[in-house]
Amino acid sequence: MATSQKSKSQDLLVSVAESIGSTLGAIAAKADAAQKAIVGGTGTAVREVKREASKLVRKSKSKVAKSSSSKPARKARASVRSARTTARKVTKKVVRKARGARKAKRATARRTRR
């Protein structure tokens, strides 16, 4: 009977020791994680921000590439291009007329002086 009681108490001690060991391990892991968060906080935060920024750039580039190849986007670019050329032509025409009017005014002013 003494041997069975010894083994029971030994099993109990082993169980308690394992429990204490696992608890200490968990506490040590949490302390290590907290220390890393405090010490390496800025570096990891910067790395995280850079990663997210590059992800955003990649996504936006792909969206732009997809949208630029779509039919409505091509139509919109074409209409903008034609509107731009029309605006240039009108501007040139107006400038040309204004220059002609100025020249005519100068010519009449010269004639009246003589």
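Preceding this paragraph is the structure being described.
Predicted, not measured: the structure shown is a model, and the values here were computed from it. (Residues numbered from 1 in each chain as written. Predicted model: local features only at pLDDT ≥ 70, side-chain atom pairs only at ≥ 80, totals over all residues. Heavy atoms only, no water.)

1. Side note on the overall build of the protein chain
Broken down by element type, the protein chain carries three helices and zero strands. Element order for the protein chain, N to C, with α for helix and β for strand: α-α-α. By the burial criterion, 0% of the 114 residues in the protein chain qualify as buried. Total accessible area computed for the protein chain in this model is approximately 10500 Å², and 62% of it derives from carbon and sulfur atoms. (Helix = DSSP H or I, 4+ residues; strand = E, 2+ residues; numbered from the N terminus. Buried < 20%, exposed > 50% of the residue type's maximum accessible area, 1.4 Å probe, protein only. Areas by Shrake-Rupley, 256 points an atom, 1.4 Å probe, with all protein chains shown as cover.)

2. Side note on the pattern of salt bridges
Under the counting rule described, the total for this entry stands at one salt bridge. Note that Glu 52 and Lys 55 form a salt bridge whose closest N and O atoms lie 3.5 Å from each other. Taken together, the positions of Glu 52 and Lys 55, both in helix α2 (residues 41-68) and three residues apart, correspond to about one turn of that helix. Exposure remark for Lys 55: the relative accessible area of 33% places this residue in the partly exposed category. (Salt bridge = Lys/Arg side-chain N within 4 Å of Asp/Glu carboxyl O.)

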